[in-house]
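What follows is each chain in one-letter form.
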Number of protein chains: 4
Amino acid sequence: MEELRIGLVGTGAIGRSHIERINTRLQGAKVVACADVNMDFCRSVAEKYGIQAYDSGEEMIASDAVDAVIVTTLDPFHEQYVTAAIKAGKYVFCEKPLAPEADACRRIVEAEMAGKKQLVQVGFMRRYDPGYRQLKALIDSGKYGLPLMLHCAHRNYDAPGFTTSMPVENSMIHEIDVLRWLLGENYKTAEVVFPKTTRNAEGELRDPQIMYLTTESGVRIDVESFVNCRYGYDIKCEVVCEEGSLNLPEPANTMVRSNDSRITPICHDWSERFIDAYNIEFQEWINACREGRVDGPSAWDGYVGQVTAKAASKARDTQTVVNIEYEEMPEFYKK
Amino acid sequence: MEELRIGLVGTGAIGRSHIERINTRLQGAKVVACADVNMDFCRSVAEKYGIQAYDSGEEMIASDAVDAVIVTTLDPFHEQYVTAAIKAGKYVFCEKPLAPEADACRRIVEAEMAGKKQLVQVGFMRRYDPGYRQLKALIDSGKYGLPLMLHCAHRNYDAPGFTTSMPVENSMIHEIDVLRWLLGENYKTAEVVFPKTTRNAEGELRDPQIMYLTTESGVRIDVESFVNCRYGYDIKCEVVCEEGSLNLPEPANTMVRSNDSRITPICHDWSERFIDAYNIEFQEWINACREGRVDGPSAWDGYVGQVTAKAASKARDTQTVVNIEYEEMPEFYKK
Amino acid sequence: MEELRIGLVGTGAIGRSHIERINTRLQGAKVVACADVNMDFCRSVAEKYGIQAYDSGEEMIASDAVDAVIVTTLDPFHEQYVTAAIKAGKYVFCEKPLAPEADACRRIVEAEMAGKKQLVQVGFMRRYDPGYRQLKALIDSGKYGLPLMLHCAHRNYDAPGFTTSMPVENSMIHEIDVLRWLLGENYKTAEVVFPKTTRNAEGELRDPQIMYLTTESGVRIDVESFVNCRYGYDIKCEVVCEEGSLNLPEPANTMVRSNDSRITPICHDWSERFIDAYNIEFQEWINACREGRVDGPSAWDGYVGQVTAKAASKARDTQTVVNIEYEEMPEFYKK
Amino acid sequence: MEELRIGLVGTGAIGRSHIERINTRLQGAKVVACADVNMDFCRSVAEKYGIQAYDSGEEMIASDAVDAVIVTTLDPFHEQYVTAAIKAGKYVFCEKPLAPEADACRRIVEAEMAGKKQLVQVGFMRRYDPGYRQLKALIDSGKYGLPLMLHCAHRNYDAPGFTTSMPVENSMIHEIDVLRWLLGENYKTAEVVFPKTTRNAEGELRDPQIMYLTTESGVRIDVESFVNCRYGYDIKCEVVCEEGSLNLPEPANTMVRSNDSRITPICHDWSERFIDAYNIEFQEWINACREGRVDGPSAWDGYVGQVTAKAASKARDTQTVVNIEYEEMPEFYKK
């Protein structure tokens, strides 16, 4: 089979990391073209990777030289390029969020459904993390009974420039997707509370924050977001089931006995934590594109994620418990 | 110094475990007398331990043969015996709760203050657990900044006969006391939520339950109570501070590699988990009695605990967030 | 039953720690008298603890004021006081080693047998450590098959003044006893090798050292001694059985997430590691004395330990594998 | 750059796993051809993977259709194909061992040196395992001082068909290479001892076995081989340095609290443990071939490994300590 030729629009840090990943580490595809609103920068990136620069994302997406598309622009521009890819009938991987606003996500869903072919995958990479996959397998085995509560945390060493709305919308959006996938059911309510604020929070930022989600069957989830935790990048997830508790593993690092202690390193930065997940995510996306299907988080999952994030933001801003309304998942997206 | 002669009223399982503990393992005291509403049973216990049976707790407490008192009766009878001990001017250790009702606790406080001498200690043994003591030392060192959130859990393998009111009032009463002691400040609000109920909950029992407490300075605490967790007896406490997270240790047990696994035993039953805490608690109480002071949880701590538990129960029954009103701690109890 | 009145000879640091332990923490006994070759120092110790000073250990041991004896003198003087206690027909606890020389141990054994009553216990406290007891229970259960290999380590942060002979004779003497007890069989050969020496070893000291022991049934044991490990006090013991590996637990300490790491404290000094073991050891010795028996490591165990240590020292000095000859355990010592 | 076209000779299980790995997961190369002494089987493999079958390995190696070679035949045939690749001036990856006999390895070294170009890499994949790489970085940092002792273990759940010579020559050959690489120096002596044999050892097999290696600077290494450990596949490596102990991490797996235990899975089979190492090893070999160099374990490393294994085998068979003679590493192989 021919190698999948990918065009990537949005050559910022994340976009470039995906070009490197695909062009040097993965199989079956090559990023052959790039586009960016900053054309000079785009050309320098194209030169560095030996790929073709396009003056516009739409032009690149429509081109015969490109079989599939990756969208890594700033969030507000995701919609235009994902929609262009759908129009061109090409598979498109869109970094999260599908779009910042739920209605933009809805438009993408409708465009995809109108095209009668599932083409869109959203970049919720935690579904591909070996640890989360182990958790899902254990839950699905039924061996420990039904999940009743999830206790999660998402902590960054620091987060320069973060504002109070960002934990829910940028950070915990990952938990919003992966926990729904783990449990296999929709959310019902969202709530956000503010514990005592850390002295390390800049300006008006409320940090930490805790988001509570409940599901249709009554599972209760707490997700702690602490973006200035000052000790490392740390992801925690405990699934408390009827007859056992399942715990997301931490990355495997050398343990040193030194200085009257047992010391095991933790990631310092988010970019270290999910490298495997990104690699597996993209390799499976490439494989699925080449076999003519979408396996991963769909545009519907992206839409549902944004609806949930908006409800949680409303809960945060009103300091109330908000009921989340979801439409019925269209047949089109059912597996 | 003479050995402290203790009279114990309430010869149920807990009372008998304390007689054994003091008479065979600790220093400086002996339980020399016992009383129980069931006199025949009381006499058989007295015979077993070679101590003196009394027909009434009051009689025993008033007797010259007894220097100090331990109250391990059913909860509703704590008040009468603690008050009798105060009247007799004798040190009294009362198993938790000081009394089931906050106003009964208040009466005990007033009786103690009227006697002008602190005499009452309440049996909140977790303050003596080496792990909790390490946590407190780390918090107090200030090395990791201020505590912002506590994530706790209190899980039993099973709990035959438990009703929906018992997790807050009987089980989480321990967290109510020890977390206030860890943080060194009063609570401000309480809330109780019901996640999905386990199929292993008998009858109408709602299990698990989660209690949220906030403190005056804004620290947010979650305590998960799961009395039918079906995997063991498990106590968790994570203190998330401004610059580090502190984690209560689990008991040290042999790790076995077997059957494609690393396996470390967990306690099965509550009675295994805090043996050291009970021993240290009683030895320190005995030492303090002999030196003429009360070191441990006071009647005021018992009263505050019950006020908190009642607020949490109201929160549970009304499914609202309840503000907790505390009176100012009298000078009498300040250290 | 009357409290056991103990006379302690040898008021150095270890002796004083036992006086404190017994007189403030344990049940059923009191150290009522002490003796030491340094009489002035002995008197100041006696004054501090409110006990009786004797001008000579023999006088104290013979006195009617003393029911049982603890020997914590310098090693070369153990024999004379243990023998005096045997002559007086009194239970005697002797800190390890029973005596520095195997023939001195043999004389003590013969004196004890001649007196027709077992009176002597040697202070090998690791048999009382909860972790080692768990290991023994797991081995004895047979659940994991027979032990085949033991991998052990005994590491000190530093050891000022240590010479090359001391690791085997002073430090690993504990492993020599406890591993024989764990396995329930005698050793057959000993060997000592010198890995590369640490730059932190003073003068001529060879550090680390590794001692290999084999047992009659062929179990092979390695014990690493590293007295200047510069990271803490650390005891390791892995029992590799036919169908599982059993691992001595480390003490339970708070784990802190801080500074891009998970950090759990280790003991810094030997005196922190076996506190529970010493307490349990002495309480059980006191209980056994009062009930008229010896439960713990016997004079025979002390003798066997020294024979083994001597063989290992010979192995070290000759750099050969030495066969260890043990006499048959007399009926007198069989349980 | 053109994709590297690889010919693989020896289509057994390991060979086929490398074909899959390279053709579906890695970058920059494709296995385009295969050969095997069993021609029918070779053709079916070729058909399955859509590659070209050759009637002889030599023919395939010489062909213009092949740029580089992988040798995964039975060990005795490694020499002929590696030599053929050297003659053809093509990069060749040879699964361990380079050859079963040290003199065959020597001939390969001489052939490679005669060709004046380094072409050969040996498949010691542990050098690429992220955990071992972390260990090496910590050792090389010097932060913990010099290594003094290594304590290692290599355990298999079971090993049908294993004979007494195989632990050293087939199993511990991995430790022989990776530990020399970790320490950056040659071995000096080898010794092999037999602990008590497990009842689960078939026939005459002596299992477990312990190999001792010392290095030129005096580091002492123990490697326990236990091929019927009956609990899983388990690799242990502790590097005891002058001021700290470094511990190879175990794979990260979900921890479950269940059944009165904390349970974390261990690999059952060897094939699960080093998947990442194999992927990294081959990707780096492919990258290096394309850039015209050999980065990984060289033919000299393969030769040294066999010399060491032979010395250890002699030590095992004679039950003596054997001095290992190495020739000086030729300039040709120095980096």
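Only a predicted model underlies this, so the values are computations on that prediction, with no experimental measurement involved.

(A) Region of interest: the overall build of chain A. Counting secondary structure elements, chain A contains eleven helices and 15 strands. The C-alpha radius of gyration computed for chain A amounts to 20 Å, which stays within 12% of the reference 20 Å derived for 335 residues, consistent with globular compactness. Structurally, chain A occupies a C-alpha span of about 55 × 50 × 45 Å along its principal axes. Counting across all 335 residues of chain A, residues that qualify as buried make up 62%. Restricting to contacts in chain A with at least 6 residues of sequence separation, those with at least 24 account for 72%. One way to put it: in chain A the 38 positive side-chain charges average out to a point 2 Å from where the 51 negative ones average out.

(B) Representation of the relation of the copies chain A and chain B in the model. Turning chain A through 180° and shifting it by 0.0 Å along the axis lays it on chain B, with an RMSD of 0.0 Å. Taken together, the rotation angle and the small translation identify this as a two-fold axis. Closest approach to the rotation axis within chain A is made by the C-alpha atom of His151 of chain A, at a distance of 4.4 Å. By residue overlap, the copies meet face to face through one surface: 100% of the interface positions of chain A are interface positions in chain B.

(C) The packing of helix α5 (residues 102-114) of chain B against helix α11 (residues 299-318) of chain B, seen in detail. Residues and elements named next belong to chain B. Their axes nearest at 9 Å, the elements α5 and α11 cross at an angle of 165°. Classified by the interaxial angle, the pair formed by α5 and α11 is roughly antiparallel. The two elements α5 and α11 cross, and the hand of that crossing is left-handed. Listed contacts from α11 to Ala102, Cys105, Arg106, Ile108, Val109 and Glu112 of α5 are Ala299, Trp300, Gly302, Tyr303, Gln306 and Val307. In terms of residue class, the contact of α5 with α11 is built from eight nonpolar, two polar and two charged.

(D) Looking closely at the interface of chain A and chain D. Across the contact, 29 residues belong to chain A and 29 residues belong to chain D. Note on chain A versus chain D: buried area summed over both sides is about 2,000 Å², and carbon and sulfur give 43% of it. Where chain A packs against chain D, one counts zero salt bridges. When residues of the side of chain A that touches chain D are traced back to their parent elements, those giving at least two are α1 (13-24), β2 (29-35), α6 (130-141), β12 (244-247) and β13 (255-258) of chain A. Grouping the constituent residues of the side of chain A that touches chain D by class yields twelve nonpolar, twelve polar and five charged.

(E) Structural context of the interface of chain A and chain B. Of the residues lining the interface, 36 residues belong to chain A; the matching set on chain B comes to 36 residues. Interface of chain A and chain B: buried area, both sides summed, is about 2,800 Å²; carbon and sulfur atoms make up 53% of it. Here chain A and chain B share six salt bridges between them. Residue Arg199 of chain B pairs with Glu242 of chain A through a salt bridge whose shortest N-O separation is 3.1 Å. Inspection of the chain A/chain B interface yields 16 residue pairs in polar contact (both at pLDDT 80 or more). Taken together, the elements giving at least two residues each to the side of chain A that touches chain B come down to β7 (147-155), β8 (187-193), β9 (209-215), β10 (220-226), β11 (234-241) and β12 of chain A. By residue number, the principal contributor to the side of chain A that touches chain B is β7 of chain A, which donates five residues. In terms of residue class, the side of chain A that touches chain B is made up of 15 nonpolar, ten polar and eleven charged.

(F) Summary view of the pairing of strand β14 (residues 261-265) of chain B. Sheet topology places strand β13 (residues 255-258) of chain B next to β14 of chain B; three bridges connect them, and they run antiparallel. In the strand pairing of β14 of chain B, Arg257 of chain B is matched with Arg262 of chain B. Hairpin remark: β13 of chain B followed by β14 of chain B, antiparallel, with two residues in the connecting loop; positive phi at Asn259 of chain B, about 60°. Here β14 of chain B pairs with strand β14 (residues 261-265) of chain D via five bridges, running antiparallel.

(G) Summary view of the sheet that holds strand β4 (residues 68-71) of chain D. Residue and element names in this part refer to chain D. Judged by pairing direction, the sheet is parallel, and its six strands sit side by side in the order β3-β2-β1-β4-β5-β6 without closing on themselves. Taken across any chain shown, the strands that pair with only one partner, and hence form the sheet edges, are β3 (52-54) and β6 (120-122). Strand after strand, the sheet turns through a mean of 25° between neighbouring axes, direction not considered. Two strands pair when backbone bridges link them, and β4 and strand β5 (residues 91-94) are joined in this way by four bridges, in the parallel orientation. Across the sheet, residue Ile70 finds its bridge partner in β5, namely Phe93. Most of the contacts of helix α10 (residues 275-291) go to β5, to which it runs at about 165°, and overall it touches β1 (4-9), β2 (29-35), β4, β5 and β6.

(H) How the structure looks around the UniProt feature "domain: Gfo/Idh/MocA-like oxidoreductase N-terminal" (unreviewed entry) in chain A. Feature annotation in UniProt places "domain: Gfo/Idh/MocA-like oxidoreductase N-terminal" (unreviewed entry) on residues 4-124 of chain A, given in this structure's numbering. End C-alpha atoms of residues 4-124 of chain A are separated by 21 Å, and the span's content is 43% helix alongside 22% strand.

(I) Quick peek at a negative patch on the surface. Residue and element names in this part refer to chain A. Taken together, Asp158, Glu202, Asp269 and Glu272 make up a surface patch of like negative charges. Inspection of the secondary structure puts Glu202 in the loop between β8 and β9. A relative accessible area of 47% means that Glu202 is categorised as partly exposed.

(J) Spotlight on the state of the cysteines. Residues and elements named next belong to chain A. Counted by the stated rule, this structure contains zero disulfides over all chains. The thiol sulfur of Cys42 is not disulfide-bonded, and the nearest other cysteine sulfur, from Cys34, lies at 3.7 Å. Overall, the relative accessible area of 1% leaves Cys42 in the buried class.

(K) Focus on the relation of the copies chain A and chain D. Superposing chain A onto chain D takes a rotation of 180° combined with a translation of 0.1 Å along the rotation axis, leaving an RMSD of 0.0 Å. Interface overlap between copies is the fraction of interface residues in one copy that are interface residues in the other; for chain A against chain D it reaches 100%, indicating a shared surface.

(L) Quick look at the packing of aromatic side chains. Using the criterion set out here, one finds 26 aromatic pairs over all chains in the structure. Here Phe93 of chain B and Phe282 of chain B contribute two aromatic rings whose centre-to-centre distance is 4.3 Å and whose plane-to-plane angle is 35°, an arrangement assigned as tilted. On the criterion of sequence distance, the pair formed by Phe93 of chain B in strand β5 (residues 91-94) and Phe282 of chain B in helix α10 (residues 275-291) is long-range, its members being 189 residues apart. A relative accessible area of 0% means that Phe93 of chain B is categorised as buried. Clustering of aromatic rings is evident, with ring pairs tying together Trp300, Tyr303, Phe332 and Tyr333 of chain A. The positively charged end of Arg220 of chain C is found above the aromatic ring belonging to Tyr212 of chain C, 4.7 Å away from the centroid. The side chain of Arg273 of chain D reaches across the aromatic face of Phe274 of chain D, ending 4.7 Å from its centre.

So, how was this worked out
Residues numbered from 1 in each chain as written. Chains lettered and ligands numbered in written order. Predicted model: local features only at pLDDT ≥ 70, side-chain atom pairs only at ≥ 80, totals over all residues. Heavy atoms only, no water. Helix = DSSP H or I, 4+ residues; strand = E, 2+ residues; numbered from the N terminus. Rg over C-alpha atoms; globule rule 2.2 N^0.38 Å. Buried < 20%, exposed > 50% of the residue type's maximum accessible area, 1.4 Å probe, protein only. Contact = heavy atoms within 4.5 Å. Lys, Arg positive; Asp, Glu negative; His and termini not counted. Charge placed at Lys NZ, Arg CZ, Asp CG, Glu CD. Least-squares fit on C-alpha atoms with pLDDT ≥ 70 in both. Axes fitted to C-alpha atoms, helices over the stretch in contact; angles between N-to-C directions. Parallel < 35°, antiparallel > 145°, perpendicular 65-115°, else oblique. Left-handed = near helix turned anticlockwise from the far one by under 90°. Nonpolar A, V, L, I, M, F, W, Y, C, P; charged D, E, K, R; others polar. Buried area = accessible area lost by both parts, 1.4 Å probe. Salt bridge = Lys/Arg side-chain N within 4 Å of Asp/Glu carboxyl O. Polar contact = N/O pair within 3.5 Å; in protein donor to acceptor, adjacent residues only side chain to side chain. Pairing = 2+ DSSP bridges. UniProt positions renumbered as here; feature names shortened; annotations may be inferred. Patch = residues over 30% accessible without salt bridge, like charges linked within 9 Å, V, L, I, M, F, W, Y side chains within 5 Å. Areas by Shrake-Rupley, 256 points an atom, 1.4 Å probe, with all protein chains shown as cover. Disulfide = S-S within 2.5 Å. Phe/Tyr/Trp six-rings, centres within 6.5 Å; stacked < 30°, edge-to-face > 60°. Lys NZ or Arg CZ within 6 Å of the ring centre and 35° of its normal.

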